[in-house]
Amino acid sequence: MRVLVQGAGVAGLTAAFEFATRGAAVTVAETRHALGGNASWFAGGMLAPWCERESAEQPVLDLGRDAAGWWDAVLPGQVTRAGTLVVAAPRDAGELDRFASRTSGHRRVDEDEIAILEPDLAGRFRRGLLFPDEAHLDPRQAMAALHDKLAAMGVEFHFGTDARHVSGFDRQIDCTGMAAVDDRLRGIRGEMLILRTLDISLSRPVRLLHPRFPLYAVPRADTQFMIGATMIESQSAGPVTARSMMELLGAAYALHPAFGEAEIVETGVGVRPAFPDNLPRVETSGDTVAINGLYRHGFLLAPTMARQAADLVFSQDGTKELAHETDGQRRSA
């Protein structure tokens, strides 16, 4: 079976892997001229299904529960399994209780345990929630590593290519996100900063709850931190706004004053595709299978959606082959 995967974001790369491991000859076509620059490139990389349940439906937890295991098996060494720490200032203690009531898979931690988990946050927060089974990865490193693994498996990549001008494939897997022709999709703009500082170290993603602008800080290599959390109903991919910059920096400073002296290494914007219910879909139309609507859960949900797409295609093809065999047997009889 020859399969064309449209798009080299996290959905496209995971789909390419699932089809290639099942024996398909896979080609990936990407309109960009290199890996990156899409919404996946600006993701936080948190594999945090229990935390996400705070604002997401139960299927997000169900679909994302095994994501860390998938990434760990496919790309050993890329996943850090240190959990997620959720904290709030004493004045926002109600936010912590609300978060706890809407989630599971956590245990409460006090000031002393927070100091053990994250020494640089010692004395800053009295209470928190630890989600011990969650994990994180660096999206850019993971995408580059998955690209290299796919290339070694024989997957062909064509960058700077419009998939509409490519033919000769048995199946096409549409992973083009907001570029897909689907009136049901809406854009969710997410803004992020990458800060660098030697004055603070974190072992795991830390979420700071706030009634107006909650924040997450995800540690990365080279003393860098990805700071994010904005969710704006907009398809604009323009630069980070001054308002968002001030809110993100203010929240980072509230997490730890050392962020006030950090270098701003990069700002970025990703527009995530979402359906009205904010849940992903795998849908078929002729010989095309579409994976879309991953919303803010790209790295968390992409592995399961890719498996669903591959299961669908191979089960359909098996049914077709069985039908052809049965028809042939009838004619010979």
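The rules behind these values
Residues numbered from 1 in each chain as written. Predicted model: local features only at pLDDT ≥ 70, side-chain atom pairs only at ≥ 80, totals over all residues. Heavy atoms only, no water. Pairing = 2+ DSSP bridges. Helix = DSSP H or I, 4+ residues; strand = E, 2+ residues; numbered from the N terminus. Axes fitted to C-alpha atoms, helices over the stretch in contact; angles between N-to-C directions. Contact = heavy atoms within 4.5 Å. Core = buried A, V, L, I, M, F, W, Y, C linked by side-chain atoms within 4.5 Å. Buried < 20%, exposed > 50% of the residue type's maximum accessible area, 1.4 Å probe, protein only. Expected span 1.5 Å × (residues − 1). Arc of directions from axis to C-beta. Phe/Tyr/Trp six-rings, centres within 6.5 Å; stacked < 30°, edge-to-face > 60°.

Trainee: Before we go on, may I ask you to explain the sheet that holds strand β8 (residues 156–159) in this structure?
Mentor: The strands that make up a sheet pair up through hydrogen bonds in the backbone, lying either parallel or antiparallel. The sheet built from six strands is open, its strands ordered β8-β2-β1-β9-β17-β16 with mixed pairing. With partners counted over all chains shown, the strands left at the sheet margins are β8 and β16 (281–285), one partner each. Strand-to-strand twist across the sheet, computed as the mean angle between neighbouring axes with direction ignored, equals 20 degrees. Against the sheet, helix α1 (residues 10–21) makes contact with β1 (2–6), β2 (25–30), β8, β9 (171–174) and β17 (288–292), and its axis sits at roughly 170 degrees relative to β2, the strand it touches most.

Trainee: Teacher, can you tell me more about the nonpolar core here?
Mentor: Nonpolar side chains in soluble globular proteins generally cluster together in the buried interior. Core analysis: the biggest nonpolar cluster contains 49 residues, and F19, V26, L47, W71, L146, I173 and F299 have the highest contact counts within it. Looking at this core, the elements with two or more residues in it are β1, α1, β2, α3 (58–64), α4 (67–74), α7 (139–152), β17 and α9 (298–332). A total of nine residues in this core trace back to one element, the largest contributor, which is α9. Those residues in contact with V26, other than ones at most four positions away along the chain, are V3, V5, A16, F19, A20, G154, V155 and E156.

Trainee: Can you help me understand helix α8 (residues 242–255) in this one?
Mentor: In an α-helix, one full turn covers 3.6 residues, which means residues spaced three or four apart are oriented alike. Its 14 residues give α8 an end-to-end C-alpha distance of 20 Å, which sits within 8% of 20 Å, the value for a rise of 1.5 Å per residue. Those residues of α8 hidden inside the fold are in contact with β4 (84–88), β10 (186–196), β11 (206–209), β12 (215–220), β13 (224–228) and β14 (232–233).

Trainee: Explanation requested: the side chain of T27 in the structure shown.
Mentor: Considering the arrangement of structural elements, one finds T27 in strand β2. Not counting chain neighbours up to four residues away, the residues in contact with T27 comprise V3, L4, V5, E156, H158 and F169.

Trainee: What am I meant to see in α4 here?
Mentor: Residues of α4 that are buried: A67, A68, W70, W71 and V74. Looking straight down α4, one finds its buried side chains confined to an arc of 160 degrees; they lie on one side.

Trainee: Explain the pairing of β12 to me, please; I cannot follow it from the model alone.
Mentor: Two faces make up the sheet, and in a regular strand the side chains alternate between them. Burial analysis of β12 places six of its six residues in the buried class, the great majority of the element. Across the two faces of β12 the burial is the same, with L215, A217 and P219 and Y216, V218 and R220 all buried. Pairing geometry for β11 and β12, over three bridges, is antiparallel. The residue of β12 that forms the bridge with R207 is Y216. In this structure, the hairpin formed by β11 and β12 is closed by a connection of five residues.

Trainee: Explain the environment of F225 here, please?
Mentor: Mapped onto the elements of the fold, F225 is located in strand β13. Judged by relative accessible area, which is 3%, F225 ranks as buried. Spatially, the C-alpha atom of F225 lies 20 Å from that of A242, the residues being 17 residues apart in sequence. Setting aside anything within four residues of it in sequence, one finds F225 in contact with L193, I194, L195, T197, I200, S201, L202, V218, P219 and F259.

Trainee: Help me understand the packing of aromatic side chains, please; the structure alone is not making it clear to me.
Mentor: Each pair of aromatic rings is reported with the distance of its centres and the angle of its planes. Within the structure shown, the criterion is met by seven aromatic pairs. A centroid spacing of 4.9 Å and a plane angle of 85 degrees characterise the contact between W70 and W71, whose relative ring orientation is edge-to-face. Residues W70 and W71 agree in their burial class; the two are buried. Summarising the aromatic geometry, the rings of F99 and F131 are spaced 6.0 Å apart at their centres and angled 85 degrees between planes, so their arrangement reads as edge-to-face. Residue F99 is located in helix α5 (residues 93–101), and its partner F131 is located in strand β6 (residues 127–131); the two are separated by 32 residues in the primary sequence. Take F99 and F131: they sit in the same class, and that class is buried. Among the aromatic residues, ring-to-ring pairing joins F17, W70, W71 and F299 into one connected group.

By themselves, these observations are geometric and do not establish any function.
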